[in-house]
Each structure stands twice: as C-alpha cells, then as structure tokens.
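The lines below spell out each chain.
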Amino acid sequence: MKFSTYLISFLLFIAFSDVTLANTGAPEQCTNCHQQQVTAWQQSDHAKAMAKVSEQTVLGNFNGVSVQHFSQTAKFFQKQNKYFMSLNHENNVVEYEAKFVFGHFPLQQYLIEADGGRLQVFPFAWDSRNKDDGGQRWYPMYADEDIKSADRLHWQQPMQNWNGMCADCHSDGLTRNYDASKNTFSSHYDNINVGCQSCHGDMENHQSQSADPYSALVQAPSVTRSNQDIGQWLRMAGEDVASWQGEKRDNQFMDSCFACHSLRSPLTDGIEPGTAFLDQFSPSMLAHPLYFSDGQIKEEVYVYGSFLQSKMFKAGVNCLDCHDKHTMKIKVEGNGLCLQCHSPDKYQQTQHTGHPLDQEGGQCVDCHMSETTYMGVDDRRDHSFKIPRPDLSSRFSSPNACTKCHDDKSNSWASSELRKLHGKPKALSSDELHYRNLQHGNPITLQQHLNVINSDSLNEIHRASAIRLLANSTESINESMAKPWIQSDEPLIRLAMAHMGFMLPTDQQQGLYMNLLDDEYKAVRVAAAQQVMNLGVQFSPSLANGIKELFESNEQNRWRGEGGLNQSMLHIALGEYNKAQQALEQAIVADPYFDPAYVNLADLYRGLNQVDKELTTYQAGLKAVPKSAMLHYGYGMHLVRAGDKKAALQSFEKASQLDTENVQYVYVYLLSLDSVGNTRDALNRLKQILARYNNDPQLVQLGLSFSQKLQDVNSYQFFMSKQRR
C-alpha cells in the first residue's frame, strides 16, 4: 500500500558498507558454556533473521524459474555455485547476485549489494510456506502495483534499503554509520543474526568479573529477574482469571523486546540492550491510518502499541509469560497457553466459544487475537486481546473476529449470535465512547476530550494518543490543562505533551515547557527541544543539550528524505539558512522522489528572495515526482505570486485531482476559478464535490459566498442546508 502523506518523524532505518561478517551462529564464548540455551535459540526466528547466501540458507527456487508481474520479469538461477536474479524492467535487463538471505518463514527475501555500501531488498520474495498453504512460489512485494524506477517505493530507493529499514533488528550490535556528506554507509554488526547480544548485551568479559556465572546479568538489566520478581500467577478460590501473587513485577526487560517490536523513530545509531526504550526510540502513538478507531492493528505496527492497550499488560503480564525466552515460540500450543491463567471451567467450554473446541473458532486466539496479513503472506496476531464487538463495528468502521471469519454474514447477525452466548454486551463508559469518537474522526467537545486524557479507566497509551489529537477539539490549551501532563509520572503522557507545546499560549510556554528539557528520557527531551526551538525562549544548558540530542536524532534518518527535512527545519529555527539549504539538497540526493524536500527548499529560496532558484526547484521536483499534489500546489502559489493566474489555475486543478482529501487544495482551486471570472463553473463544481469533503465548513462558506456573488438563491439555500449544526 502506498501512503499519500508523509510523516515528518518516521520509524527506523540503518546502513551498510564494509560490513564485518561475523559467524552465522551464536558467539563462541556463549556456546561453550550455554549449550542448552544456544540449542533452544537455534530453533528461533531470531537465529534465522539473516545469513550469508549458501546452499544451506537459501530456500527459494533458483533453478531457472521466471516470474512476471506487470512490466517486470524476474528470473532466478545459479551459476558457479552462486545465486542470481535477473530483472527485466522498463526495457532494461540487469543481473544481480544474491549476497544475503533475509528471514526464513513465512517468507524469505534476498539482498543485493548496491553503491555507497548499501544492501537493497530485491522486489520479489520467496513464499516459504508449504505448497498446500499456497507457498513454495516467488511473489512480488507489491502485488497490486507496478512500481516504476521513478517511484519512492522502487526497490533501489531508500524505502527498500536494508541498512535503514531493517538492519538494526536483524543483526546483533548493528550500527548504520551513514555519512550524509557522501551519501554512503559503512555499516557494521557484531553478529549477522539476532543472538545473545541483542538481549543480554556484550557479555564477552563476564566470566572474569566474578566467580558467580550469573553476575553478568548485572550488565544487562533488561533481562534480569530482580529479587522482587519472585512470584507466580495463581487463580485464587472463586476467581476465573489468575493474578500475580508476590511483589510487583519488574518488566523493564521488555524494553529490549519493544526496541524491535514497535513502530518507532530511532534516536541513536544502533540498539543498546539494557537501555530504556524511550532513551533510544520515540514510539508512534495510536492514530489513523495505523490503527482502527478501537485500537486494533491496521497497518504494519508490530506489537508495542497493541500490547500496551491490553488488560494483560495492565495486569503485569510480560512477553515471557507466553513466549519461551530462547526459542521465542509460544510455550504451549492451543488453548493451553491461555488456560495457564484463565479458568478452563469457564473459558474452555463451547458455551463460551460458541464453536467446537477442536475446530476453527474454538481457539482463544481466533476471537481475541485476530490475524492481519502483511508482506503478502505474513499473518500476524493482534496483541491488544480485544473482545469482539460487532455491535460497534458498523458505528466505528472497526473489524471484528466474527465477521472476519464469517465474511458472508453481517455485523447485525454476529451481534445477535453473541447475545445468545453472552447476553447484552457491556456498554462503553463515557470516556471510552468519546475516545472511540475521537479516533474515528467524529467531533467531541474539548471537555469530553480532556475527560479522556485525564480518565482513571483508560490506559496510558490511549490517553497519550488523545493528547496528540488535541488539535481535533481545540486550537489552544492553557497552563491548568497542561501542567498535570507535563508533571505526570507516566512517560508516554509527558512524551505526548512534549509534542504539543505549540498549543500553549506564548506567555505560558517557557515556564511550563522548559521542564521537559530535563526529562528522564531522551525521547521526551528531543520532542521538547523540537517545540522549544520555535518559542524564542531564553537559551540555557538544558536547551543546549536538548538541541544537541535533537541534531543527533535527526542524523539517524539522514539516509532518507525525512531526516534531511527535519534537520533543515532545525537549522531554520536557529537562523542557519545555508545549512538548512544544504540539508534539503542532501535530502533530495539521498531520496530523490521525496516531494516535501523540494517544496521546503523552494519555500526557503522564496524566503531568501531567490525567486529563480525557487522556480528551478519546483521544476526539478515536478520532473522527478510529476504526480505530487503538494508540488503542483506549491508551484501554483509561485505562479500566483508571479502574476500568472491562468497557469496557476492548472496547477491547482492538478493538485486537487491528485489529492482528493485535501480541502485546502480544492478550496484554492475554486477560488482561482473565481479569480479568472469562472465563478459559475466554480459554484457548480463545488456543489458536485461537496459531499466528498463531508460538507467541510470552509467549502460551505465558499459556496455561500459564490451564491451571493451570483445572486443564486437556490444555490444559497443548498449550501445553507449543508451547514453543520
């Protein structure tokens, strides 16, 4: 799926060149003493995360088989004991040698070497599932699209780059080592796959530090079981679900799991086990289009955002309660896994499941961990453990396990069946209802929004996500609202608030906001520094440190357009216009089809009164990305300033056609029609498309204005009827 909008802050990315090729198994110093653990680890997906190409590691059919997909034809073959792929695309045939295999099940990808120390992901993958399941075939990663070379998603562009997109989570001790000035990588890893070091840290010298072989765990607090973590899950008499009996659990080790199993932006080069997650990454919150309005996964968001929503997480359940710590496979197959804590007398019954226990629908995960397919064949389970609510699906456009399976049935049918089994579903609390409306895009009042954020019943990530959506309900917030969030004990609340400082009145920003620059976690400090840069606050050591960390975090993404764009905005805030220009120019070199870089560079030239360079930048951008709505819109504004209204009209029309969700584009296009004397045409077009924009108030007011200008009573009444009450 192609995204039409770009997030200024993205998730991960890394780099490669002069890679140190370590062994393909566990480090020898671990194997010598921990044979049982290493044997278990070798069964894991971690052990097969990446490997050099060999007869033992290659799963795909390289026996001369060819695959065609739109204008692409790929052939897979061997010669001289090496593995090759040839690609015929756009009248150009090129042969590539497969250097590394990437993953193993349910798919395996293949990496080829490219200029500048890059490894790129070939656009066809091997479906390694059984043939009976549809596997044992080559398939294109973008099944519904013919990705051309002049496309940001083309396999030779940064978005398909191993160094940035994948490497830090597939190899131990990975550092990307990207040089923005040369647009090259010199990436390095300690071990080619995900081994001991990724969870335990560098344990090389731990034997010499103490006679106690377990003392080394002190070096890796992420995996330590503290003295307080001695207890067990027990179901007491009369209870249907177990509770933790013992001192409160220390689940900080999950930060090492979240480092890879999350959608996040890196703040550092590489992952350091035992270091807090929020000191290395800034996670994405819950929002459209990543999640459905009820928090179920939609796009590829991995596990962090889902699990933090769950009752399991709130109760203190951690990853290792369900997954073996070395094989990472679930500890018990079938319902037995859930019945470790949930009463079989209540839940392992057809009266509860509504299906025979030995058939589909009789397994707990069928209803409470529904699957979504990513990367063509990879079915991943939702870890928010939702209760199916078909009664809410129609209202909030969220899926439910019932109609996912019974796809020929309606939500109404599913609701009726569930009522027969379990009675009337529990009503949402007012805070839950307002949160669903907020995420669904329905209007809620500011007070309702504040109630959601300050709710005692909603969990941390829900409330933090609601803070990030404050602009949906108000244009500003004040000190009394923000102070509790800034001083919150919950880091995601502080992180969310750190991103929203622009909503505070100017006279309240510095006093409140500067506190976040001294926060415990780097993610909060960096987000605060980004906001404070635009406040004109007094310089301080805390601000200086925040700016330094912000620069460093931006550098981690310079290999892709977003990194250069972010760095340029920081330079502009500091008045360093030459450096801002250089950052944007570098962004275009590194990521030539990233259209925001062209728009921002042109805007920078306009601010510097370099109109000729502004024009050439727009021309270069439109040549590279001719279907960019934002470039056509920006170029249209340039033409308006140049006095060429007719040419501008064409650009605005193109922008509104390319992006049919952006109200501003169509608004300016219709205004331009009016400005060249085509008011009637503008009015008629507006009436035709108004519903598409959900009767946007700005467009309704424009329609009323046009109607008055033309003294068109019928049209005026039409737009009056569309005003939102």
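Thresholds, definitions, all that
- Residues numbered from 1 in each chain as written.
- Predicted model: local features only at pLDDT ≥ 70, side-chain atom pairs only at ≥ 80, totals over all residues.
- Heavy atoms only, no water.
- Helix = DSSP H or I, 4+ residues; strand = E, 2+ residues; numbered from the N terminus.
- Expected span 1.5 Å × (residues − 1).
- Buried < 20%, exposed > 50% of the residue type's maximum accessible area, 1.4 Å probe, protein only.
- Salt bridge = Lys/Arg side-chain N within 4 Å of Asp/Glu carboxyl O.
- Disulfide = S-S within 2.5 Å.
- Core = buried A, V, L, I, M, F, W, Y, C linked by side-chain atoms within 4.5 Å.
- Contact = heavy atoms within 4.5 Å.

## Let's talk about helix 24 (residues 595-607)
Look at helix 24: 19 Å from first C-alpha to last across 13 residues, which is about the 18 Å you get at 1.5 Å a residue. Buried within helix 24 we find D595, P596, A597, Y598, V599, L601, A602, L604 and Y605. Once helix 24 ends, the next one or two residues include N609, with phi positive near 60°.

## Structural notes on the pattern of salt bridges
Opposite charge on two side chains permits them to pair, given that their charged atoms come into close proximity. Under the defined criterion, the tally for this structure stands at 28 salt bridges. Across the salt bridge formed by E549 and R525, the nearest N and O atoms sit 2.9 Å from each other. Note that E549 is positioned in helix 21 (residues 541-555) and R525 in helix 20 (residues 522-532), a separation of 24 residues in sequence. Both residues of the pair, E549 and R525, count as buried. A salt bridge links R606 to D603; its shortest N-O distance comes to 2.8 Å.

## Some thoughts on the state of the cysteines
Covalent bonding between the sulfur atoms of two cysteines is what defines a disulfide. On inspection of all chains with the given rule, the structure shows one disulfide. Paired by a disulfide, C169 and C260 hold their sulfur atoms 2.4 Å apart. Between C169 and C260 the disulfide shows an S-S torsion of about -105°. By sign, it is left-handed. Linking C169 in the loop between helix 3 (162-165) and strand 11 (178-179) with C260 in the loop between helix 5 (254-258) and strand 15 (264-266), this pair joins segments that are 91 residues apart in sequence. For C169, a relative accessible area of 18% puts it in the buried group.

## With respect to the nonpolar core
In this structure, I477, W485, L492, M497 and Y513 are the most contacted members of the largest nonpolar core, which totals 74 residues. Here this core gets seven residues from one element, more than from any other, and that element is helix 20. Filtering out sequence-adjacent residues up to four positions away, M497 remains in contact with I467, I477, A482, W485, I486, L504, Y513 and L516. A580, Y633, A655 and V700 belong to the second-largest nonpolar core, a separate cluster that totals 47 residues.

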